[in-house]
Each structure stands twice: as structure tokens, then as C-alpha cells.
Amino acid sequence: MRIAVVDTSAARAAVIEEGLREAGLTDLHIFLERHGLAASLEACSPDVVLMNLENPSRDMLEETFALSRALARPIAMFVDQSDESAIAEAVDAGISAYVVDGLRKERIKPVLDLAVRRFQAFNRLQTELAEARSQLAERKSIDKAKLILMKKRGISEPEAYKLLRSHAMQTNRRVAEVADSIITAESLLGGDL
Amino acid sequence: MSLDHFRIGFLPLVDAALPILARELGLAEAEGIDLELVRDMSWATVRDRLIYGGTDAAHLVAPLAIATTLGLDRPPVAMAVPFVLGLNGNAVTLAPALAEAVCTPGELLDSVTLGQRLAALIALRAREGAKLRFGVVHRYSSHNYMLQYWLRGSGVDVARDVEIVTIAPPFAAEALGMREIDGICVGEPWNSVAVERGVGVIVNVTSHIWLRGVEKVLAMQATRADAEPEPVHRLIRALHKAGEAFIDPARFSANATILARADYLDGSADLIERAISDRITLAAGHEPLHIPDFMFQHREAANFPWASQAAWLYAQMVRAGHVAKSDDGYRAAQQVFRPDIYRAAFAGTDVPLPGASAKLEGGISETTGVGTVQGRLLLGPDRFFDGRAFDPDALDAYLAES
């Protein structure tokens, strides 16, 4: 079974590719570039096209598929409505699939399921990464605010942190938010930090 | 009071303004609705979220709501359109060299003259084996049908002599710049983006092809609209209020600033304001031209879903070869537009309600009073560029003539 993965994210395409390969599906073709996509896909002639839902090329490709005179005309996976919850899950995960007419459902289902799981894993990874990034950014601004307080008030680092924390508790804010406002105030007042 | 939650899908276009303003100006909340907007980059995805869960309603190209009901490329799902989000507002932009061959960039010719010149050029290029290629935003879009209507009405053999391809709106300028296409029919601000980059010249506007032609609609699943009508009534009342705010000249600039935000159109407020204020810069370096009613989102019951507008779209789908004509299909297409829901939503308000649900499209040559069940209503001209009219009760005769 030849599978084309069309994605706007090279990282996500790699995650999908890895999953499919592990499952023994090795006839894989990755398309990241919008230009010439229709022609490259036609030349590739895949049995299944997996595509991220937010890909702006979807309308263009569906038009191409509608006009396709080739025998193997891909149709939206959604045409098989026998399993609505699976379709809803795919949409929720952010994936769409096109399958050539006539390909047996029991051959497609595992591929789609796998792609959905990989998309979900990728989404989780993205969220975790974003959280890690914001935690790192918070720690940096807390360090910076501590430095400002130590310099202005001539206090030690633990004292500066205690001050930040007690102020955060009094004003019902997070320590990082208090730190941000200290940094903002300092820069507005012309500090050198 | 707990708010009813509505998720509405949209594409980054100026005519997504009403749902955006309904949320941002607190108009939805005032009607007890918590409006969440979901931006996508293709109509396919806007529709898939609407059909397979995720959203409750969508900003949608009108013919796609009909195609979805008819099941043209997905299993059929009955759609309901209780409210039209706007009329017209699209333009035809050509690559500068092509524009110079048919007009003087910066000037707006009448659609008949320009159509004849373009038709001659299209025929010439087809004979030379170098067919002109036009972009539209979706197979089942008003853009596609208005462009085809104009070209065919100007004498172009659309099936034989031109190529029409699909290009997502945000790529219009890039596709023109890279010569993937020779021209495009697209909504704002994407024509203006092409003009600003010097890769396109606006040569025509869809209001000059069919004045008051239906454009985007609010679409939802019919079962959903019928199961819980009351929140839908409140939603479309909020959208109607948003229309009032949209056309207020004192708000043009503020509205453009809201639409320009990263989570909405993520673009330039200056370019967005051009369409909002009907002042369009046709070619780079030229003064903006005032094109009255370039967009038409509120007055003259613009939001009323006339069944005859859906009928006209169905006729164009037949002409384009997208659907085989059938009585059942024609009836189903017209039933997508739901004047009954619109009337129920505005009963007892000061919003004028037409008495009829269909009209002779293209039949009004000067402002005319029409029968209402509530309030007074004057409708302005709704002419087609070729002067033809469309009678929804005479589809066969209409198709036979064309």
C-alpha cells in the first residue's frame, strides 16, 4: 500500500512516517511543499493520502481529485461513514484522509488509527514543549526580578525571593507575574537591566 | 444566567466580520451567547468540522452549503442557512501584464466592455495553445460561479478555452506572483494584498457581475437548527446587530483593527479597511476608487436568505457541470435557505421582514418597495451585468437559453 503524507510541518510528518514504518508500511512518500503538489501527488499515485486538517492546500487537492481522470480517484475518507466516532476522532486529532476508491476498509482502518494516534502524540508533545518553554521563560524572569530587588534593596537572594513570593500571595498573583511587572517597571524607569 | 456556547468556524476574510464583531463588541453576549471562533485555512476543513463535530455553525461560501446538502463529494448532510453574512465583496484580479492588455490599470471598466476584451484575449490564447488560467477559492464557491457567469456571458467557451483551478485565498498573491495563475476571483483583503505587492491589478468586482449577489452565509446542520431554534434566533439577532456596527462609517477603522488581529485575519488593518469602506485601490500607486456597495452586509434585508438566491446558485452548478439537474435536487437546494428561521428570529422587532421567500433575481432595475409582513422594505437594483433575470419557477427555460 502506497501512502502519501502531506503536511505543513516537517516534524509532524517525520513522526507519522516513523509510526507507519514501524508498522511495516514502508512505501511512504512525504510532501511538504505546496508548489507543484498536485502534479507530484499524481506522479506518486498513492493509495492513501494522509493530510493535516489545517493544511491550506486541501481545497486545491480536493478539486484535483474531483477532476482526476485516472482510474484510481482518491475520495475523502469521510465518505465511509460506517464509523462516525472514528471520523470525529480523526477530525479532533487534526487529520484528514483520502483513499482511492475500492480499497478495502479493513486495510485502511489500521493505517488511519495509527495516523490518529501519531497526530495525538505529536499534539501532546507540542503542548508539553510549549509548557516547558513557558516554564523556562518564567524562571528567567524570576531570576531577573530577584537581581533587580537585590541591587535596589541591598538584600540577599533568598530574601529577594521571599519578597517576591509574599507579594504574589498578598496580591493573589503568580510569582512570575510579579517578576514580570518588576522587570517592566524597571525598564520603564530607566534601569540598566 | 449561563450563556449558550456556539463555536463558529471561519476563514480569514473580511466577510467573516459579522461573527467576529458579534463577539468582540459584546453583541453575542448581550443575547446570552458565548461565541467562540475557530479559524481554519480551507473550506474543506471548515465544512468537516461542521459535519463531523467540533463546530456548531460556520461562515461558509453559499454554494458549499448546497453541495453539502446534495452530497456532491461527501455523504449528504442537510444544511440550514438561516442568515446571509453578506452580499458581493469579491474582486477579479489579473496579473499586471494581462490587465494592461484589456484595460488601463487603475480604472474600472463596465463588465460588458471588459468581458468582451477579455473574451477575445482568452480565445486568442486558447488558439495559441496557451490557455489562460484563473484561480477561484473553491470548486463550489460563488467566486467560481460568478466568474464563470461573467466569462460565459461575455462569449467565452469556459469548458474549452480557459482553465479554472482552486487556490486558497492567502496564496492568491503568491500564485499570481509566481505565475501559477493569470488571474483570480477572491475575497478581500487578498486582492488588495496582491495589488500592494505589485503582482496583481483589480479589474472587476463581483457587484458589477451580479449586484446584491449572495456571498457568505451562516450555515449549520439542519437537524441542529430545528432541534434548538431559540438559541439560533438569538445568534442571528446578534449577527444582525453586528451588521449595523459593520456599516457605521464612524466604526470603519475600529472594525478594521479588530479584524486585523492575529487570531482573526492576521493582516494589515489598512488593507482590510479598503473593503469595509468600499474604497478600493485597483493598482499599486493609484488613488483608491469609491465603489458604492462593493460589500453589502446589512441594509435592504441583505441578510435575508432568499430561496431564489439558492435557486440561482443551483442553476450555475448545473451549468458548470457540477450537478446533474433533478427536481429533487433543485428543491433540496432551495430548502437549504431558511427564511422561516430568519422570520421567527426577528418577529416582533423593528427589522423589516419580506412577505415572500423568493423573488425574480435581477428583476429590480430601480429602488422598489416590496411587500412585507413586518416593517417597510425598499430593495435597490439587483441587476446582472448582462441584463438577464432569473425566475426560480422557470429553471428549465433559463438553462435552455444559456
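Please read all numbers here as calculations on a predicted model, not as lab measurements.

Participant: Talk me through the overall build of chain A; I want residue IDs and the actual numbers.
Facilitator: Of the regular secondary structure elements, chain A holds 7 helices and 5 strands. In chain A, the succession of helices and strands from N to C terminus is β-α-β-α-β-α-β-α-β-α-α-α. For 193 residues, the compact-globule formula gives about 16 Å, and the C-alpha radius of gyration of chain A, at 26 Å, lies well above that figure. With the C-alpha coordinates aligned to their principal axes, the bounding extent of chain A is approximately 80 × 30 × 25 Å.

Participant: Residues and numbers for the interface of chain B and chain A, please.
Facilitator: The interface of chain B with chain A comprises 22 residues on the first partner and 19 residues on the second. Put simply, the parts of the chain that give the side of chain B that touches chain A at least two residues each are helix H3 (43–51) and strand E8 (162–166) of chain B. Per element, the largest residue contribution to the side of chain B that touches chain A is 5 residues, and it comes from H3(B). The residue makeup of the side of chain B that touches chain A, split by class, is 10 nonpolar, 6 polar and 6 charged.

Participant: Run through the sheet that holds strand E1 (residues 3–6) of chain A, naming residues and quoting values.
Facilitator: Strand pairs in the sheet, formed through backbone hydrogen bonds, run parallel or antiparallel to each other. All names here are of chain A. Spatially, the 5 strands line up as an open sheet ordered E2-E1-E3-E5-E4, and their pairing is mixed. Both edges of this open sheet fall to strand E2 (28–31) and strand E4 (74–76), since each of them pairs with a single strand only. The sheet shows a mean angle of 25° between the axes of neighbouring strands, taken without regard to direction. Summarising the sheet, E1 and strand E3 (residues 48–52) pair through 4 bridges and their orientation is parallel. Counterpart to Val-5 in the pairing with E3 is Leu-50. Packing against the sheet, helix H5 (residues 105–153) makes contact with E1, E3 and strand E5 (95–100), and its axis sits at approximately 160° to E5.

Participant: Please set out the domain arrangement of chain A residue by residue, giving values where relevant.
Facilitator: By convention, interface size is frequently given as the accessible area that disappears when the constituent parts associate. Considered domain by domain, chain A is made up of domain 1 (3–128) and domain 2 (134–188). The distance between the C-alpha centroids of domain 1 of chain A and domain 2 of chain A comes to 48 Å.

Participant: Account for the sheet that holds E8(B), with residues named and values stated.
Facilitator: Residues and elements named next belong to chain B. Pairing is mixed across the open sheet formed by 5 strands, whose spatial order is E8-E7-E9-E6-E10. Since the sheet does not close on itself, it has two edges, and those belong to E8 and strand E10 (201–205), each with one partner. Across the sheet, the mean angle separating the axes of adjacent strands is 25° when strand polarity is ignored. The pairing of strand E7 (residues 132–136) with strand E9 (residues 183–187) spans 2 bridges and is classified as parallel. Residue pairing across strands places Gly-135 opposite Ile-184, the latter belonging to E9.

Participant: An account of the environment of B:Glu107 is needed here, citing residue identities and associated values.
Facilitator: Residues and elements named next belong to chain B. Its location among the elements puts Glu-107 in the loop between helix H5 (96–102) and helix H6 (111–127). By the C-beta count within 10 Å, which is 12 here, Glu-107 ends up exposed. Spatially, the C-alpha atoms of Glu-107 and Ile-202 are 8.9 Å apart, while their sequence positions differ by 95 residues.

Participant: Give a detailed account of the pairing of E2(A), specifying residues and quantitative values.
Facilitator: Residues and elements named next belong to chain A. As defined by bridge partners, E1 adjoins E2 across 4 bridges and the pair is classed as parallel. Note that in E2 the partner of Val-6 across the bridge is Phe-31. Taken together, E1, helix H1 (residues 10–22) and E2 constitute a β-α-β crossover, and its handedness is right-handed.

Participant: Can you lay out the nonpolar core for me, pointing to particular residues and giving the numbers?
Facilitator: In terms of nonpolar packing, the biggest core is built from 176 residues, with A:Leu50, A:Ala97, B:Ala65, B:Ala172, B:Ala219 and B:Tyr314 touching the most fellow members. It is helix H15 (residues 307–319) of chain B that contributes the most residues to this core, 9 residues altogether. The residues contacting B:Ala172, other than those within four sequence positions of it, are B:Gly135, B:Ile167, B:Ile184, B:Val186, B:Trp190 and B:Ala194. By size, the runner-up hydrophobic cluster in this structure holds 7 residues, among which are A:Ile142, A:Ala145, A:Val178 and A:Ala179.

Participant: Which residues make up helix H1 (residues 17–24) of chain B, and what are the values?
Facilitator: Residue and element names in this part refer to chain B. Burial analysis of H1 places 8 of its 8 residues in the buried class, the great majority of the element. Taken residue by residue, H1 has Ala-17, Leu-18, Pro-19, Ile-20, Leu-21, Ala-22, Arg-23 and Glu-24 as its buried positions. Of the surrounding elements, those touching the buried residues of H1 are strand E1 (4–10), helix H2 (27–30), strand E2 (33–39), strand E3 (57–61), helix H12 (229–246) and helix H13 (252–260). Looking one or two residues beyond H1, the residue adopting positive phi is Gly-26, at roughly 75°.

Participant: Go over unusual backbone geometry, please, and point to the residues and values.
Facilitator: Residue and element names in this part refer to chain B. At the junction of Glu-188 and Pro-189, the peptide bond is cis and its omega measures out at 10° in the coordinates. Residue placement: Pro-189 occurs in the loop between E9 and helix H10 (190–196). Even without being glycine, Arg-212 reaches a positive phi, approximately 70°. Structurally, Arg-212 is set in the loop between E10 and strand E11 (216–221). Judged by the 22 C-beta atoms lying within 10 Å of it, Arg-212 is buried.

Participant: Account for the environment of B:Gly153, naming residues and giving values.
Facilitator: Residue and element names in this part refer to chain B. Checked against the element boundaries, Gly-153 lands in helix H7 (residues 142–153). Each C-alpha atom, one on Gly-153 and one on Val-112, is 8.7 Å from the other, the two residues being 41 residues apart in sequence. Contact partners of Gly-153, with chain neighbours within four places excluded, come to Gly-115, Phe-385 and Asp-386.

The rules behind each value
Residues numbered from 1 in each chain as written. Chains lettered and ligands numbered in written order. Predicted model: local features only at pLDDT ≥ 70, side-chain atom pairs only at ≥ 80, totals over all residues. Helix = DSSP H or I, 4+ residues; strand = E, 2+ residues; numbered from the N terminus. Rg over C-alpha atoms; globule rule 2.2 N^0.38 Å. Contact = placed C-beta atoms within 7 Å. Nonpolar A, V, L, I, M, F, W, Y, C, P; charged D, E, K, R; others polar. Pairing = 2+ DSSP bridges. Axes fitted to C-alpha atoms, helices over the stretch in contact; angles between N-to-C directions. Domains from an automatic or database assignment. Buried ≥ 20, exposed ≤ 12 C-beta atoms within 10 Å, placed from the backbone. Right-handed = clockwise from strand over helix to strand, strands pointing away. Core = buried A, V, L, I, M, F, W, Y, C linked by C-beta atoms within 7 Å.

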